[in-house]
Amino acid sequence: NNSMILSYSGMKLSGDEKNPIKIISSDGSGQGLTILNSENNTYLSNVIFSNLTSPSKDGWELSGAINFHETTINLNNVSFYDIHSEDTLNIINSKFEIKNSFFGNCSFDCLDSDFSEGIIEQSSFINCGNDCLDFSGSIVNMSNLKLFDIEDKGLSVGERSNITVKDIEIGGENVNIAVASKDQSKIILNGINISNAKYGFAVYQKKSEYGPASIVALNVNFSMVKENYIVEEKSELRINNIIILNNNKNVY
C-alpha cells in the first residue's frame, strides 16, 4: 500500500487463467504501475490490477493508475477493477496490443491513448465514470468490444486520430454520447449497436487549432437513443451509406 511499481526496462508478468498474478491494494492507496522510456517490451498475461490510484510523489503525479510512456506493450487477459484515478490505463507515445481484457468500475476514463498506435480486441469496459475509450493523436484498430454503463462518452476520438472499429456494442445506463469524433479525427465503423444513449454520434470541432471531423458507419442499429446524431457544419457523418447533413454551430 501507498507504493508504486516503476520500471525503465520493461516487464514480463505471466500468470495462468486459474491462478492470475494480482497487483492490488487493500486500502486503495497503492499507486499502480508505471513503465517509462523502455526499449524492452512489456508483456502482461493473466494479470489483475485492483483498487489502485495514480502515482504521486514530491509534486510529481501521473494521470493513470497504470502508465506506459514511450514503450511497447502487449496485454492479454488483463483485468482492471475499482481503479481510482483520472485514467485507469494511460498510454503515451507507445505501441500496444490489448486482447481479451476487462475494465470494470473505473472512477473516470478507462483507457486514455495519446499519440500512440495500437490494437484492442475482444475486450469489455463496464461501469465507467467518464469516457470508456479516449484517443488523442492516435491510430488504433479495434474489434469485438462491449462498452456499458458510461457516464460520458463510450468512444471519444480527437486531435487527428484515425480509428477503425469492427463489431462494438455501446449501451447500458447514463450514456451521454456513444461515439464522438472531433478535431480532424476520422472514425470508420462496421457493425455497431447503440442503446440507451442521449446521442448516438457526435461529430464536431472542439479546439481552434484543428478542423472538422468525420465518422463513416455501416451496419448501425439504434435502440432507445434520444438523438441518433448531432453534426456540426463542415464535419461529416455517413450512416449506412447515407450522408447526414446538419448546420449545427458550436456543438462543443
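Figured I'd write up the structure that's included with this text. Starting afresh in each chain, residues are numbered from 1 along the sequence in its written order. Whole-chain, interface and lining totals are the exception, using all residues; otherwise, since this is a predicted model, local features are given only for residues with pLDDT of at least 70 and side-chain atom pairs are given and counted only at 80 or more. Processing note: side-chain calculations cover all non-hydrogen atoms of the structure and skip hydrogens and water entirely.

### Some points on the overall build of the chain
- Here a helix means four or more residues in a row that DSSP labels H or I, a strand means two or more in a row labelled E, and each is numbered from the N terminus. Per the secondary structure count, the chain includes zero helices and 25 strands.
- What the globule rule says is 2.2 Å times the number of residues to the power 0.38, and the radius of gyration is computed from C-alpha atoms. Taking 252 residues into account, the globule formula puts the C-alpha radius of gyration at 18 Å, and the chain, at 18 Å, falls close to it.
- Principal-axis analysis of the C-alpha atoms places the extent of the chain at approximately 50 × 40 × 30 Å.
- A 1.4 Å probe rolled over the protein chains alone gives each residue an accessible area, and that area as a share of the maximum for its type sets the label: buried under 20%, exposed over 50%, partly exposed in between. The buried share among the 252 residues of the chain stands at 53%.
- Contacts: residue pairs with any heavy atoms within 4.5 Å of one another. Look at the contacts in the chain between residues 6 or more apart in sequence, and 46% of them connect residues 24 or more apart.
- Accessible areas in this description were obtained via Shrake-Rupley with a 1.4 Å probe; residue shielding takes into account the shown protein chains only. Accessible surface, the chain: about 11600 Å² in total, of which carbon and sulfur atoms supply 42%.
- Note on charges: Lys and Arg go in the positive column, Asp and Glu in the negative column, and His and the chain ends are not counted at all. A charged residue contributes its charge at one atom only: NZ of Lys, CZ of Arg, CG of Asp or CD of Glu. Of the side chains in the chain, 19 bear a positive and 31 a negative charge, and the two mean positions are spaced by 5 Å.

### Considerations on the nonpolar core
- Working definition of a nonpolar core: buried Ala, Val, Leu, Ile, Met, Phe, Trp, Tyr and Cys residues. They are joined through side-chain atoms within 4.5 Å. Ranked by internal contacts, the top residues of the largest apolar core, which has 61 residues, are Ile120, Leu133 and Phe201.
- Once you skip the residues sitting within four places of it in the chain, Leu133 turns out to touch Leu111, Ile120, Phe125, Met142, Leu145, Leu147, Gly154, Leu155 and Ser156.
- Counting residues in each nonpolar core, the second largest holds six residues, with Ile177, Ala180, Ala202 and Val251 among its members.

### A look at the pattern of salt bridges
- Here a salt bridge means any side-chain nitrogen of Lys or Arg lying within 4 Å of a carboxyl oxygen belonging to Asp or Glu. Counting across every chain of the model gives seven salt bridges.
- With its nearest N and O atoms 4.0 Å apart, the salt bridge here joins Glu121 to Lys99. Of the two residues, Glu121 sits in strand 14 (residues 117–128) while Lys99 sits in strand 11 (residues 95–99), which places them 22 residues apart along the sequence.
- Its relative accessible area of 28% is what places Glu121 among the partly exposed residues.
- Exposure remark for Lys99: the relative accessible area of 28% places this residue in the partly exposed category.
- Salt bridges here are not isolated pairs; linked through shared partners, they connect Glu97, Lys99 and Glu121.

### Some points on the pairing of strand 17 (residues 153–158)
- For strand 17, a buried count of six out of six residues is recorded, marking the element as mostly surrounded by other parts of the structure.
- Only strands that DSSP links by at least two bridges are regarded as paired with each other. Where strand 15 (residues 133–136) meets strand 17, four bridges bridge the pair, whose relative direction is parallel. Across the sheet, Ser136 pairs through a bridge with Gly158, a residue of strand 17.
- With four bridges connecting them, strand 17 and strand 19 (residues 175–182) associate as parallel partners. Following the sheet pairing, Leu155 is matched in strand 19 by Val179.

### Focus: the layout of surface pockets
- Volume-wise, the largest pocket comes out at about 380 Å³.
- Lys153, Lys182, Tyr204, Lys206 and Tyr252 are the residues nearest the centre of the largest pocket, which is lined by 25 residues in total.
- Elements represented by at least two residues in the lining of the largest pocket include exactly strand 13 (109–114), strand 15, strand 17, strand 19 and strand 21 (197–204).
- In this count, Pro and Cys sit with the nonpolar residues alongside Ala, Val, Leu, Ile, Met, Phe, Trp and Tyr, while Asp, Glu, Lys and Arg are called charged and the others, Gly among them, polar. Within the lining of the largest pocket, the residues separate by chemical class into eight nonpolar, five polar and 12 charged. Cavity and pocket criteria rest on a 1 Å grid covering protein atoms alone: a 1.4 Å probe that fits but cannot get out defines a cavity, protein on both sides within 12 Å along at least 5 of 7 lines defines an open pocket, and an atom within 4 Å of a point defines a lining residue. Grid points are joined across faces, edges and corners, and a volume is the space filled by probe spheres set on the points.

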